[in-house]
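Tertiary structure, described
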Amino acid sequence: MLAQLAAHSLDLCALNCSLWPLHPVYGQADEQTIRDTFRLAGELGVETVVSMSGCPGDGPAATTVNWVTYPWPADATALRARQWNQMVALWTDLAVEAARCGVRRIALELHPLHLVYNVPSLQRLRAEVGPIIGVNLDPSHLFWQGMDPIAVARALGEAVHHVHLKDTIEYPAERALAGVLDTRPFEDWERRSWTFCTVGRGHDASFWEGFLNALAEAGYNGSLAIENEDPQQGDIEGVREAASFIQPLIPSHPHS
């Protein structure tokens, strides 16, 4: 595979295993896949692995994750504390294995339903586990939560280990009624508060240029990976449109 990539002047910038470690049903299997991915990365000479932090359930009998998003009642905050300790123990162990395999960067996507989903939670885990922990910065999840991806890039600085380019479009009339915690299905995008979209359809060139400048200021010189989840486009069409949109904004980017 490495020979085939080289023949086409392609590099592997990262391996992605965005799974659900700590899930009460299949978390152990996903954890093993993450460990296998570290080993594969070492064999391929890839130094960055993208993943997600995970989130446990609420006890031994749980069948799905329990994502605490409100500092009340007391049993919920106590649950979150137990979950956090469980996650730190896991990633402390995984970080040792990653380093042993030659992986220098674990890039966790700030993804809802996982314990690490914003700047404070990422910074806390990084402080407890070490600088091998960083972020896979995907603006799309930040937009709908009301976060500013440019401010996030500046706040995290050298902790930006990988970048996904994905956009989100918001529908103000629906958001006014449903807020950002909209559980209507993604397939019903016309009736949602927000939906993922091709880069440039949700936010204009001025935002993306500012975002790329913030990444440069943070010292990031890695690859920019286009991720397409636009329900109105096919994968290839969406990636081509995104690449055409973003390319003029990054003429000097070494890995564009």
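Structural notes, computed from the coordinates. Residues take numbers from 1 onward in each chain, read along the sequence in its written order. Side-chain atom pairs in this predicted model are given and counted only at pLDDT of 80 or more, local residue features only at pLDDT of at least 70, and totals for whole chains, interfaces and linings cover all residues. Calculation of side-chain values draws on the structure's entire complement of heavy atoms; hydrogens and water are dropped beforehand.

Here's the deal with the packing of helix H3 (residues 74–100) against helix H4 (residues 119–129)
At a minimum axis distance of 10 Å, the contact between H3 and H4 shows a crossing angle of 55°. Classified by the interaxial angle, the pair formed by H3 and H4 is oblique. Once H3 is placed against H4, the crossing between them reads as right-handed. Between H3 and H4, the contacting residues are Trp84, Met87, Val88, Trp91, Thr92 and Ala95 on the first element and Ser121, Arg124, Leu125, Glu128 and Val129 on the second. Partitioning the contact of H3 with H4 into residue classes produces seven nonpolar, two polar and two charged. Angles here are taken between N-to-C directions and fall from 0 to 180 degrees, while the axes themselves are lines fitted to C-alpha atoms, restricted in helices to the stretch in contact. Helix and strand assignments follow DSSP, with helices taken as H or I runs no shorter than four residues and strands as E runs no shorter than two, numbered in order from the N terminus. An angle below 35 degrees is read as roughly parallel, one above 145 as roughly antiparallel, one from 65 to 115 as roughly perpendicular, and any other as oblique. Each crossing is labelled by how the near helix is turned from the far one, with a counterclockwise turn of less than a right angle marking it left-handed and a clockwise turn marking it right-handed. We call two residues in contact whenever any of their non-hydrogen atoms come within 4.5 Å of each other. Residues are grouped as follows: nonpolar covers Ala, Val, Leu, Ile, Met, Phe, Trp, Tyr, Cys and Pro; charged covers Asp, Glu, Lys and Arg; every other residue, Gly included, is treated as polar.

Quick notes on the layout of surface pockets
We place a 1 Å grid over just the protein atoms. Points where a 1.4 Å probe fits but has no way out form a cavity, open points with protein on both sides within 12 Å along at least 5 of 7 lines form a pocket, and any residue with an atom within 4 Å of a point lines it. Grid points are joined across faces, edges and corners, and a volume is the space filled by probe spheres set on the points. Estimates place the volume of the second largest pocket at around 520 Å³. Lining of the second largest pocket is provided by 19 residues; of these, Trp67, Pro112, Trp144, Val180 and Leu181 occupy positions nearest its centre. At three residues, helix H5 (residues 139–145) tops the list of elements feeding residues into the lining of the second largest pocket. Split into classes, the residues belonging to the lining of the second largest pocket amount to 11 nonpolar, five polar and three charged.

Details of the pattern of salt bridges
The rule for a salt bridge is simple: a side-chain nitrogen of Lys or Arg has to be within 4 Å of a carboxyl oxygen of Asp or Glu. Taken as a whole and judged by the stated rule, the model has 18 salt bridges. Of the charged contacts in the structure, one is a salt bridge between Asp188 and Arg191, with a shortest N-O distance of 2.8 Å. For Arg201, the salt bridge is made with Glu241, and the minimal N-O distance between the two is 2.9 Å. In this pair, Arg201 is assigned in the loop between strand E7 (194–197) and helix H8 (205–217) and Glu241 in helix H9 (residues 235–246), connecting sequence segments 40 residues apart.

Focus: the sheet that holds strand E2 (residues 48–51)
Judged by pairing direction, the sheet is parallel, and its six strands sit side by side in the order E1-E2-E3-E4-E5-E8 without closing on themselves. Across the chains shown, the open sheet's two edge strands, defined by having one partner strand only, are strand E1 (15–16) and strand E8 (224–226). DSSP bridges decide pairing: two strands pair if at least two such bridges lie between them. Where strand E3 (residues 105–109) and strand E4 (residues 133–137) come together, four bridges link them in parallel fashion. Within E4, the position partnered with Ala107 by the bridge is Gly134.

Here's the deal with the side chain of Gln233
Along the chain, Gln233 falls in the loop between E8 and H9. Note on exposure labels: buried denotes an accessible area under 20% of the residue type's maximum, exposed denotes more than 50%, and partly exposed covers the range between, all computed with a 1.4 Å probe on protein chains only. Classification of Gln233 by relative accessible area gives buried; the value is 8%.

Considerations on helix H6 (residues 149–156)
Since the α-helix advances by 3.6 residues per turn, residues separated by three or four positions end up pointing in the same direction. All buried positions along H6 are accounted for by Pro149, Ile150, Val152, Ala153 and Leu156. Looking straight down H6, one finds its buried side chains confined to an arc of 160°; they lie on one side. Of the surrounding elements, those touching the buried residues of H6 are H4, E4, H5, strand E5 (160–165) and H8. A distance of 3.0 Å separates the backbone nitrogen of Ile150 from a side-chain oxygen at the start of H6, and that oxygen is part of Asp148. The first or second residue beyond H6 is Gly157, which carries a positive phi of 55°. The arc in question is the one traced by the directions running from the helix axis out to the C-beta atoms. Here a polar contact is taken to be a pair of N or O atoms separated by no more than 3.5 Å, where protein atoms must pair a possible hydrogen donor with a possible acceptor and residues adjacent in sequence count only if both atoms sit in side chains.

Some remarks on a nonpolar patch on the surface
On the surface, a nonpolar cluster with roughly 280 Å² of combined accessible area is contributed by Met1, Leu2 and Leu12. With respect to the secondary-structure elements, Leu2 resides in helix H1 (residues 2–7). Note that patches include only residues with greater than 30% relative accessible area and no salt bridge, and the join distances are 9 Å for like charges and 5 Å for nonpolar side chains (Val, Leu, Ile, Met, Phe, Trp, Tyr). Residue burial considers only the protein chains on display, and all accessible areas are found by Shrake-Rupley using a 1.4 Å probe.

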